[in-house]
Amino acid sequence: MKADPAAVATGVHFIDGNEACAEGAIAAGCRFAAGYPITPSTEVVEHIAKRFPKLGGVFIQMEDEIASSICFQGAIWGGMKAMTVTSGPGLSLMMEHVGLAAMTETPSVFVDVQRGGPSTGLPTLPGQQDVMQVRWGSHGDYEVIALAPNSPQECFDHIITAFNLAEQYRVPVFFMMDECIGHMLGKVRIPEANQIDVRERKFTERPPGQYLPYEIYSGDQPEMVRAGMGYRIHTTGLTHDARGYPEMNAQAQDKLIRRLCNKVLDHTEELTLCESDQIDGSDVTIIAYGITARVAAYAVEQARQQGLKVGQLRLITLWPFNDRLIRDVAQNTRSIIVAEMNLGQMVHEVRRAVGDKVPVHLIDSAGGAIIEPETILAKIKEVVS
Amino acid sequence: MEQDSEPSNDNPKPSKSEKPPAAKGQAFIDEERCKGCSYCVVFCPTEVLAMGGRLNRKGYHLPEVVNPEKCNGCDMCGLFCPDFAIFGVRNKKKKDGGE
Amino acid sequence: MSDAPTNSTPTNPVEKLLRMERIPHIWCPGCGVGTSVNCFARALDKTDIDYDNLHVVSGIGCTGRVAGYVNVDSFHTTHGRAIPFATGLAIARPEAKVVVYSGDGDLFAIGGNHLIHAARRNIDMTVICVNNFTYGMTGGQVTPTTPYSAKATTTPYGNFEDTFNLPNLVESCGAVYVARWTVYHVRKLIKSMTKALNTKGFSFIEVIAQCPTLYQRRNKLGDGVMALQYYKERSTVQNGAPTVDVGLDYQSDIIVGEFVDKPRPTFMDKYNTRMTEILGNKFVPYEGVK
């Protein structure tokens, strides 16, 4: 399926990441958004609020993020493609409904334009401190997909990826921007609608009476319907059986929760988006994501000009975390530096995957300002010396 | 104070026939769903039901129809029953040539 | 619905609405929630609502289980959040009737913020609040409706907080239809539910109901029958009563009735009007999922 030509703002634009994200969501078919103002994400919903009435969409500014994060799920079960947009403090409030989306297998997109935390923290300044929260923030075991763009162009391109993956995997998909990427102005090329692949929601073809909302008929996903199609479905956040009815015992829990996790984990390879550059035979490889990867690329270039053998791995997919990818890096480099705008979050995943194969160093930051390329360059020199 | 008279008697008129009057309605009980709250007995406006001595499989005391001829099928039992275990229906009127 | 057939056993009219494979339900003996469901089923029969276009959303708690028992598209959401879920669903499905069926704690404590805003926005939904003055599912804790001096597990010396007057609160926030009945008033409740279901916009019915297991027993108020007798003897029907006068005290008289019936444009009505005014033919109204 291709995007709707009436909605896609085809052309070359000079816009920021937040606006690019909004345009990407529109191109992806999103026609409902619920949000609550929060810096530095607000421009996303501001742009949506301006555009939707001309596209047959509806934006609603809810009373808080708790409401936003379930309101859009109501619209999704009503058949719409929908998203919510927030930043750290709002994300904390949304955690309950991340769990609901995971449990009810609601194809939901959460945009998180990260800022420095904890608490109110640094509303206008960047951070990358939510990467573990999106993975672990709601109670219980579940899996999500998280993507980290590093430019306004990628905000457009990969929010479409996020919507497509949400439809394919029926899990919460997090779009992990940060204040720098959200407010970064840049050239965004929006293609013709017929160049944009959009995954439509696939509804079951089984007739009512021969369909259960959480039965696995093929593959590892249940087939979806929406309210009003005559299937008389039930969904619940309780542990449930194939009918969607509460079934609360250890066996049902084991069956359901393992499936919810494995339907993501078993597809880690397909879900992995990354960019690797000159890792083989390098003395050190920088692993980073989002704005930090963008800064690191400059530092890596500087180091190479000085004759150092430096590789880079930019993670676009943060979750599910691809251990195999990291182990391959460790096979082909002599040391690893993880750079991230927090006091060490994804570095734990990297260290877990690498084991003691090669040393893993961390360039951390409490947030508030990007990690300077000089800092990264200095660390590279320190590690290779 | 306006007294609310929800469960009202339909005041069945005396039958002209010499035979005992046919019941205007009937109550149906699903005994296994019953949890013995006795609302159907207490709020039946025509005292059709009484708590009997019998128990269902779960050990709840069951209502029993003791005055079937008094039932007018008002379904007050069905409206009150929290367990969907009883309901009343009006019997079809027998009309010549009618259904 | 047919009258009693002579040969076969007729079906309980409530069964048409229920997922019968899930019955018996989990509610305690004498619980008032089931009675409200009987009335809901009868009310639906009096409307033209197609069950395929009826969506029931519940939060968490005893009443929150209603969504699981009704055989329509039904959504058992998170605690207090039925209304925002229903808001998204109602906007996405303009042709559907969306009903939120939940309890006093769910709707007015944890969900209070959502309720007042949905009423303010006049989202097109019917909210049925079964008010049993307690959190039943968790064992009988105090709620925003527990009357002064009533005991709950978390107010072992009697509740000392003031309560919400639900009809007054909801009217103040802009609900277009507000009624209160007890589960004793089954016929009037059916009538009100029918009216609410046929009303466009945010309609609200408070259904006062007994919790024999936790509220009645802890307060030594007797069993469910005694609760219903109390509702019978101490209720006064005052249609059109100013909602400011209908607050409840512990075992006080209960004013029941239809208090508010004043239509106004819904959220989507106002959205469409405003956007048409401002954007003219550039406005593309949302017309439901094709």
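Fair warning: this is a prediction, and the values are worked out from it, not measured in the lab.

S.K.: Teacher, can you tell me more about the interface of chain C and chain A here?
M.R.: When the parts of a complex come together, some accessible area is lost, and that lost area is often used as the size of the interface. With 44 residues of chain C in contact, the opposing surface of chain A contributes 44 residues. Here chain C and chain A share an interface that buries about 3,600 Å² over both sides, 60% of which is from carbon and sulfur atoms. Of all residues in chain C, D73, H76 and F85 of chain C bury the most surface against chain A, accounting for 14% of the area lost on that side. For the pair chain C and chain A, the number of links is three salt bridges. In this structure, the salt-bridge partner of D52 of chain C is R232 of chain A, at a minimum N-O distance of 2.7 Å. The interface formed by chain C and chain A holds 26 residue pairs in polar contact (both at pLDDT 80 or more) in total. Listing elements by their share of the side of chain C that touches chain A, those giving two or more residues are α2 (66–69), β2 (73–76), α3 (82–92), α5 (112–121) and α10 (267–279) of chain C. When residues of the side of chain C that touches chain A are assigned to their parent elements, the largest contribution, seven residues, is made by α3 of chain C. When its residues are assigned to classes, the side of chain C that touches chain A shows 20 nonpolar, 14 polar and 10 charged. Sheet analysis places strand β10 (residues 234–236) of chain A next to β2 of chain C, joined by three bridges and oriented parallel.

S.K.: Help me understand the packing of aromatic side chains in this model?
M.R.: Here a ring pair, both rings aromatic, is described through the centre-centre distance and the interplanar angle of the planes. Within the structure shown, the criterion is met by 17 aromatic pairs over all chains. Ring centres 5.7 Å apart and planes at 80° place the aromatic pair F108 of chain C and F204 of chain C in the edge-to-face group. Within this pair, whereas F108 of chain C is found in helix α4 (residues 104–110), its partner F204 of chain C is found in strand β6 (residues 202–208), the two being separated by 96 residues in sequence. By the burial criterion, F108 of chain C is buried, and F204 of chain C matches it. Grouped by ring-pair contacts, the aromatic residues F72, F110 and F174 of chain A constitute a single cluster. Taking NZ or CZ as reference, R135 of chain A lies 3.8 Å from the ring centre of W136 of chain A, over its face. Its end group placed over the ring of W319 of chain A, R135 of chain A keeps NZ or CZ at 5.7 Å from the ring centre.

S.K.: Is there a simple way to think about the interface of chain B and chain C in this case?
M.R.: Facing 34 residues of chain B, the contacting portion of chain C comprises 45 residues. Around 3,200 Å² of area is buried between chain B and chain C when both sides are counted, 60% of it from carbon and sulfur atoms. Here chain B is connected to chain C by two salt bridges. Its salt-bridge partner being D75 of chain B, residue R42 of chain C comes within 2.7 Å of it at the nearest N-O pair. The set of elements that each furnish at least two residues to the side of chain B that touches chain C consists of α1 (39–42), α2 (76–80) and β4 (86–90) of chain B. Here the residues of the side of chain B that touches chain C are counted per class, giving 19 nonpolar, five polar and 10 charged.

S.K.: Is there a simple way to explain the confidence of the model for chain B in this structure?
M.R.: The predicted coordinates ought not to be read in detail in places where the model reports low pLDDT. Across chain B, the average pLDDT comes to 84, with 74% of residues at or above 70. A low-confidence stretch, residues 11–15 of chain B stays under pLDDT 50, and its non-local contacts, those more than four residues away or across chains, total two contacts.

S.K.: Would you mind showing me how to read the layout of surface pockets here?
M.R.: To find leftover empty space, one rolls a probe the size of a water molecule over the atoms. One number sums up the size of the second largest pocket: a volume of about 640 Å³. G29, R31 and E200 of chain A together with V289 and K290 of chain C are the residues nearest the centre of the second largest pocket, which is lined by 25 residues in total.

S.K.: Explanation requested: the arrangement of the chains in the structure shown.
M.R.: Contacts are most numerous, across the two pairs of chains in contact, for chains A and C. Chain A shows no contact with chain B. Their nearest C-alpha atoms sit 19 Å apart.

S.K.: Where do I start with the pairing of β2 of chain C in this structure?
M.R.: Residues in a regular strand point their side chains to alternate faces of the sheet. All names here are of chain C. Residues D73 and F75 line one face of β2 and the alternating positions S74 and H76 line the opposite face, and both faces are buried. By the bridge criterion, four bridges tie strand β1 (residues 54–58) to β2 in an arrangement that is parallel. Each residue of the ladder has a partner; that of V57, found in β2, is F75.

S.K.: Would you take a moment to explain unusual backbone geometry for this structure?
M.R.: For residues that are not glycine, phi is negative in most cases, and the peptide bond is trans in most cases. Following G117 of chain A, the chain continues to P118 of chain A via a peptide bond in cis, the omega torsion being 0°. With a phi angle near 55°, R232 of chain A is a residue other than glycine that sits in the positive phi range. Mapped onto the elements, R232 of chain A comes out in the loop between β9 (185–190) and β10. Of note, the phi angle at F133 of chain C is positive, near 65°, even though the residue is not glycine. Here F133 of chain C shows up in the loop between β4 (125–131) and α6 (166–173).

Rules behind the numbers
Residues numbered from 1 in each chain as written. Chains lettered and ligands numbered in written order. Predicted model: local features only at pLDDT ≥ 70, side-chain atom pairs only at ≥ 80, totals over all residues. Heavy atoms only, no water. Contact = heavy atoms within 4.5 Å. Buried area = accessible area lost by both parts, 1.4 Å probe. Salt bridge = Lys/Arg side-chain N within 4 Å of Asp/Glu carboxyl O. Polar contact = N/O pair within 3.5 Å; in protein donor to acceptor, adjacent residues only side chain to side chain. Helix = DSSP H or I, 4+ residues; strand = E, 2+ residues; numbered from the N terminus. Nonpolar A, V, L, I, M, F, W, Y, C, P; charged D, E, K, R; others polar. Pairing = 2+ DSSP bridges. Phe/Tyr/Trp six-rings, centres within 6.5 Å; stacked < 30°, edge-to-face > 60°. Buried < 20%, exposed > 50% of the residue type's maximum accessible area, 1.4 Å probe, protein only. Lys NZ or Arg CZ within 6 Å of the ring centre and 35° of its normal. pLDDT = per-residue confidence, 0-100. 1 Å grid on protein atoms, 1.4 Å probe; cavity = no way out; pocket = protein on both sides within 12 Å on 5 of 7 lines; lining within 4 Å. Points joined across faces, edges and corners; volume = space filled by probe spheres on them.

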